[in-house]
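Examination of the molecular architecture
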Amino acid sequence: MKGTIAEKVLRSRLVAGDLEPGQEIAIRIDQTLTQDATGTLACLQFEVLGIPRVRTELSVSYVDHNTLQTGFENADDHRFLQSIAAKYGILFSRPGNGICHQVHLERFGAPGKTLLGSDSHTPTAGGLGMVAIGAGGLEVAAAMAGQPFYLLTPQVLGVRLTGKFGPWVAAKDVILELLRQLSVRGGVGKVIEYLGPGVATLSVPERATITNMGAELGATSSVFPSDERTRQFLEAQGREEVWAELSADEEAEYEQVIELDLASLEPLIAQPHSPDAVAPVAELAGTPVHQVCIGSCTNSSLQDMLTVAAMLKGRTVHPDVSLTISPGSRQVLRMIAANGALAAMVAAGARILETACGPCIGMGQAPATNAVSLRSFNRNFPGRSGTPSAQVYLASPEVCVAAALTGQITDPRDFGNPPAIALPDRFEVDDGMVILPPEDGSEVEVVRGPNIKPLPQADALPDTLELEVLLKVGDNITTDDIMPAGANILPLRSNIPALSRHVFAQVDPDFAERALESEGGFIVGGSNYGQGSSREHAALAPMYLGVRAVLAQSFARIHQANLVNFGILPLEIDEYTYESLSEGDVLRFEGIRQAVAAGETLKGENLRSGEACTATPVLSERQRQIVLAGGMLNCIRDALE
Ligand code: MIC
Ligand code: SF4
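A brief report on the enclosed structure follows. (Residues numbered from 1 in each chain as written. Chains lettered and ligands numbered in written order. Predicted model: local features only at pLDDT ≥ 70, side-chain atom pairs only at ≥ 80, totals over all residues. Heavy atoms only, no water.)

1. Some words on the pattern of salt bridges
Pairs may arise between side chains of opposite charge once their charged atoms sit close together. Going by this rule: In what follows, salt bridge is the name for a side-chain nitrogen of Lys or Arg lying within 4 Å of a carboxyl oxygen of Asp or Glu. Numbering of helices and strands starts at the N terminus; helices are DSSP runs of H or I of at least 4 residues and strands are runs of E of at least 2. When a residue's accessible area, from a 1.4 Å probe over protein chains only, is under 20% of the maximum for its type it is buried; when over 50% it is exposed; and in between it is partly exposed.
Enumeration over the complete set of coordinates arrives at 28 salt bridges. Here Arg207 ties to Asp227 by a salt bridge, and the two come within 2.9 Å at their closest N and O atoms. Of this pair, Arg207 sits in helix α7 (residues 204-212) while Asp227 sits in the loop between β11 (221-223) and α8 (228-236), and the two are 20 residues apart along the sequence. Asp227 shares its class with Arg207; the two are buried. Note that Arg330 and Asp430 form a salt bridge whose closest N and O atoms lie 3.2 Å from each other. Taken as a pair, Arg330 in helix α11 (residues 330-339) and Asp430 in the loop between α13 (397-406) and β20 (434-435) lie far apart in primary sequence, 100 residues in all. Judged by relative accessible area, which is 18%, Arg330 ranks as buried.

Following this line, the structure appears as structure tokens:
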């Protein structure tokens, strides 16, 4: 990784460990972001740490996920978050101000700095040359308390961009092409770093679309150089002073370099139900489409919105299609309102939604039964839209509008010349919806609604476990599978007892009941278990139900850390063991504590078959102590005693 951007930034913030791929390091975090769906827990955890004020350069708390307010819960959470922000020195981005990643890019991100966010798409800020990483809320709470962030030193995968886009090809197609080549596991343990002459052809929002969806590759982060275009973007945001040049050395060492000629790309689309099921749009042309949703942290910038408006202008949405548009931020919304682009969208029949995550996280706009929904978003996991039978596709805003107008998947290259979009020299800057904390917040009273329940605590890891395999699942299980979101379930994010009733609800509706009846158990998974969202609820709620270990062929990075932080043992098993295990088997492991402390493989027994069951804890030395204590909070409490 020598000479790469990743190496330069990580080295400059290194607190402990060696920058050797695979080794655990600790880095200093300059900025944090939290959003309301993960932020309530992060704040509850921050409170437990007992620190009077955040110890970062900047911490921002956004409200963008839970904004539907079908009951009192979301609004209660907003008030809680606002009061916590005031008390502890956190900036509070009010509901209506926009999606965390879009606003952070516009108003707070800075090249060369580190950002830790309780949201898996935090690497969006890599479009500005930040090393931005998604993590569980507890880790973000620790970073807010001034603690370093621990991670395994990533490999650095270079993507060398050459050429420039042909007509109707967009930034989304770059990342869809990488997903096609590398799959949703291809980025695990890596930072994806962009280089080459093609970089200069991309604006910062285009770069951010690409780094945003590096999360779908499973990457630790994605980063672009900070160059003249970065400077122009920051200048247009009135923040030129935070600009710093940042690039890799000529002889930088990458684990591998993928060559990508932007001119060779064509419009691409991800098919149901995975972001890596990518095909050329032309191949699917003619497929009827019933819903089109444009927005999300991937594609809701001013540039995207202007493109969408130009395509819609003077046309009408197809009678069989419902088109929704969510601009990414209040800045974007104000600017399209002022220049007439919004009027063109409304005139065309678009349903304008608030500047929030909205349909991306199933907060409204669930498609009709069996409907085809085409979205400019980043995830199309089964059921995430709110309609289990919906077929969700992902593509660029250009491909989305083409379908909204024709009622079918349409190659935008059939639309004549693409609109020429110029970004302004100056964005409309108004941070009036960001509330600054008072100098001294000690007198601020935290407002807690009845939906905010205390955090459940885990017990220390027992030495012997004899428990049932409650569920066996396959590869690439997402945290949406484990802990679904959507309008009905998201409001319960700060009420774990109620939330836990929905664990694995779409995979196996009886799971929660069975887990409680059996007084806990194990989960068996394939590879890349826990990909997707950073929600620590996917560990905390199973922990509440008594899940003590997950036996999987491999784990996604953020989820593995979340399991450890909530005292669930992540155990790696080989293909043979995976095949040999069935739901209902009872597994017995003895001498667990000693084996975990020594980093040794557990040798257990499957009491049904009498076969041996070997499983290896996937834990760094530091994590061994955390799991033994029954999770990070127990660890911290022990240290304080
Ligand atoms: C998502 O896109 O899945 C979310 C909702 O933004 C999550 C966070 C969450 O579950 O609250 C993420 O990406 O981390
Ligand atoms: Fe919000 Fe969707 Fe982005 Fe997650 S992926 S932060 S839900 S817009």
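2. Remarks on the site of ligand 1
Convention followed: Residues are classed as near a molecule or strand on a simple rule: at least one heavy atom within 4 Å of it. Polar contact is the term for a pair of N or O atoms within 3.5 Å; when the atoms are in protein, one must be able to donate a hydrogen and the other to accept it, and sequence-neighboring residues count only if both atoms are side-chain atoms. Per-residue and other accessible areas were derived by the Shrake-Rupley procedure at a 1.4 Å probe size, with only the shown protein chains allowed to occlude residues.
Surrounding ligand 1, one finds 14 residues, the nearest of these being His65, Asp119, Ser120, Ser534 and Arg535. A distance of 2.9 Å separates an oxygen atom of ligand 1 from a polar side-chain atom of Ser533. A distance of 2.7 Å separates an oxygen atom of ligand 1 from a polar backbone atom of Ser534. Protein contact buries 97% of the 340 Å² of open area that ligand 1 shows by itself.

3. Examining the side chain of Ser373
What counts is decided by this rule: Should any heavy atoms of two residues lie within 4.5 Å, those residues are counted as being in contact.
Checked against the element boundaries, Ser373 lands in strand β18 (residues 372-375). According to the relative accessible area criterion, Ser373 is buried, its value standing at 0%. Ignoring anything within four residues of it in the chain, the contact list for Ser373 reads Gln291, Cys293, Pro367, Gln391, Val392 and Tyr393.

4. Overview of the pairing of strand β16 (residues 322-325)
Defined as follows: Strands are labelled as partners when DSSP assigns at least two bridges between them.
Here 4 bridges tie strand β15 (residues 291-294) to β16, and the two strands are oriented parallel to one another. When the sheet's bridge partners are listed, Cys293 is paired in β16 with Thr324. Summarising the sheet, β16 and strand β17 (residues 351-352) pair through 2 bridges and their orientation is parallel. Within β17, the residue paired with Thr324 across the bridge is Arg351.

5. Brief notes about the site of ligand 2
For the record, the criterion: For this classification, the nonpolar set comprises Ala, Val, Leu, Ile, Met, Phe, Trp, Tyr, Cys and Pro, the charged set comprises Asp, Glu, Lys and Arg, and every other residue, Gly included, is treated as polar.
For ligand 2, the full set of nearby residues is His65, His101, Asp119, His121, Ser296, Cys297, Cys357, Cys360, Ile361, Asn378 and Arg384. In terms of residue class, the shell around ligand 2 is made up of 4 nonpolar, 5 polar and 2 charged.

6. Details of helix α2 (residues 36-49)
Because each turn of an α-helix spans 3.6 residues, side chains separated by three or four positions in sequence point in the same direction. Convention followed: Residue count minus one, scaled by 1.5 Å, sets the expected span of a helix.
For α2, which comprises 14 residues, the first-to-last C-alpha distance of 19 Å matches the rise-based estimate of 20 Å (1.5 Å per residue) to within 8%. Among the 14 residues that make up α2, 12 are buried, leaving the element largely enclosed by the rest of the structure. Among all positions of α2, only Asp36, Ala37, Thr38, Gly39, Thr40, Leu41, Ala42, Cys43, Leu44, Gln45, Phe46 and Leu49 are buried. Regarding α2, its N-cap is Gln35, as a side-chain oxygen of that residue lies 2.6 Å from the backbone nitrogen of Ala37 further along. Taken from the residues just after α2, Gly50 is the one with a positive phi, measuring 70°.

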